[in-house]
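# Architecture at a glance
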Amino acid sequence: MKISSGGTIGILGGGQLGRMTARAAARLGYRTHVYTPEQGSSAVLVADDFTIAEFDDAAALAGFAGSVDVVTYEFENIPVRAVETVADITLVYPNANALRLCQNRVREKSLCRDLEIPTAPWREVLDLDSARATLAELGGAMILKTAEMGYDGKGQWKITTPDDLRAVAFAAPLIAEGIVNFDFEISVIAARGQVGEIKCYPPVRNVHRDHILWQTYAPAELAPALAARAENYAVRLAEKLDITGLLAVEMFVCGDEILVNEMAPRPHNSGHWTMEGCACSQFEQLVRAICGLPLGDVTPLGKFVMTNLIGDEIAQADAFAREANTFVHTYGKTEARPGRKMGHMTRKIN
């Protein structure tokens, strides 16, 4: 269903991804309505309208859904029930089933297994006894992660001896992943329209600092065959999940092998470079996909490096903005806490 210019896009979540989506929507002539529990959030500051309410407030969700033409979400930890409530009233993209799967690392890995897409070796872990057994099965070293929630290194433990398991809380389901010696991490963002049109931004190389994405180099310097394989994995996953919108897929490059790590059905931090680096940014692409418009051009306009401004690094934003070929985006957040993404800059390097 095509949503005409002048229509209203609802955004569940009020963070910076919603903020940049709202700005892209405005450039295409759409209004935006943000639903978030947080007063003064990043996206609320630029939206045409907003609702401040909890995600379990059925009446507020119904009012929000009734005021918009289509809804998307800007982070994947929104309760699925909230998305289902909205979907009973209006269009929601990506669909609730895709969100449900991407909220759980065991379900993600199981989908990859079913599609014969390689991942690191993994096991579901339910308690201390199964964790001990899994540690032995995975060769004496593993990463334990919460199966749900957790990001930027939160909810993860590196386990190399049975004694390390004492630090782990077993209150929630966990997944154990074997430690792989990868060369570097890449990600691919696949965009898929309402009728199945699909385009991939090229693979990019990601560099982390303190478990948080720090820099993205676009495009990644990757053999053409490996780049094509990475895009193929992203396309197959997007099609299987029946995505309308975006699917970001993180992967490890291990020699001539690519292993899928995690995925997110939304815009992704590693795609921020597209705001200057492509004719159509990932945020405009999301708007195009969910509104039934043709997908935009994903061809890179050169080589770029995106750097997150984390915590008090935001104080240098003005200085960075004065540098040649450098584009700075701030997120309107007032408190610069350690580890908090406050903005980013993209520099054209060729």
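What you see is a predicted model; the values in this text were computed from it and never measured.

Below, the discussion takes up the overall build of the protein chain. Looking only at helices and strands, the protein chain has ten helices and 18 strands in total. Across its three principal axes, the protein chain shows a C-alpha extent of roughly 60 × 50 × 40 Å. Burial analysis of the protein chain (350 residues in total) assigns 55% to the buried set. For the protein chain, the exposed area adds up to about 14,900 Å²; of that, 49% sits on carbon and sulfur atoms. Here the protein chain carries 34 positive and 43 negative side-chain charges, and the mean point of each set is 3 Å from the other.

Hydrogen bonding along the main chain pairs the strands of a sheet, whether they run parallel or antiparallel. The strand order across the open sheet formed by five strands is 3-2-1-4-5, and the pairing between neighbours is parallel. Whereas interior strands pair on both sides, the edge strands pair on one side only; in this sheet they are strand 3 (49–52) and strand 5 (91–92). Where strand 2 (residues 31–36) and strand 3 come together, four bridges link them in parallel fashion. Within the sheet, the bridge partner assigned to Tyr-35 lies in strand 3 and is Thr-51. Taken strand by strand, helix 1 (residues 16–27) contacts strand 1 (8–12) and strand 2, and its axis lies near 175° from that of strand 1.

What follows is about the pattern of salt bridges. Close approach of charged atoms lets side chains of opposite charge pair. On inspection of all chains with the given rule, the structure shows 18 salt bridges. For Arg-105, the salt bridge goes to Glu-262, with nearest N and O atoms at 2.7 Å. Highlighted residues: Arg-105 in helix 5 (residues 105–114) and Glu-262 in strand 15 (residues 257–264), separated in sequence by 157 residues. Across this residue pair, the class does not change: Arg-105 and Glu-262 are buried. With its nearest N and O atoms 3.0 Å apart, the salt bridge here joins Asp-242 to Arg-192. Note that Asp-242 is positioned in the loop between helix 7 (224–240) and strand 14 (245–254) and Arg-192 in strand 10 (residues 184–192), a separation of 50 residues in sequence. What makes Asp-242 partly exposed here is its relative accessible area of 46%. Owing to a relative accessible area of 12%, Arg-192 belongs among the buried residues under this scheme.

Parameters and conventions
Residues numbered from 1 in each chain as written. Predicted model: local features only at pLDDT ≥ 70, side-chain atom pairs only at ≥ 80, totals over all residues. Heavy atoms only, no water. Helix = DSSP H or I, 4+ residues; strand = E, 2+ residues; numbered from the N terminus. Buried < 20%, exposed > 50% of the residue type's maximum accessible area, 1.4 Å probe, protein only. Areas by Shrake-Rupley, 256 points an atom, 1.4 Å probe, with all protein chains shown as cover. Lys, Arg positive; Asp, Glu negative; His and termini not counted. Charge placed at Lys NZ, Arg CZ, Asp CG, Glu CD. Pairing = 2+ DSSP bridges. Contact = heavy atoms within 4.5 Å. Axes fitted to C-alpha atoms, helices over the stretch in contact; angles between N-to-C directions. Salt bridge = Lys/Arg side-chain N within 4 Å of Asp/Glu carboxyl O.

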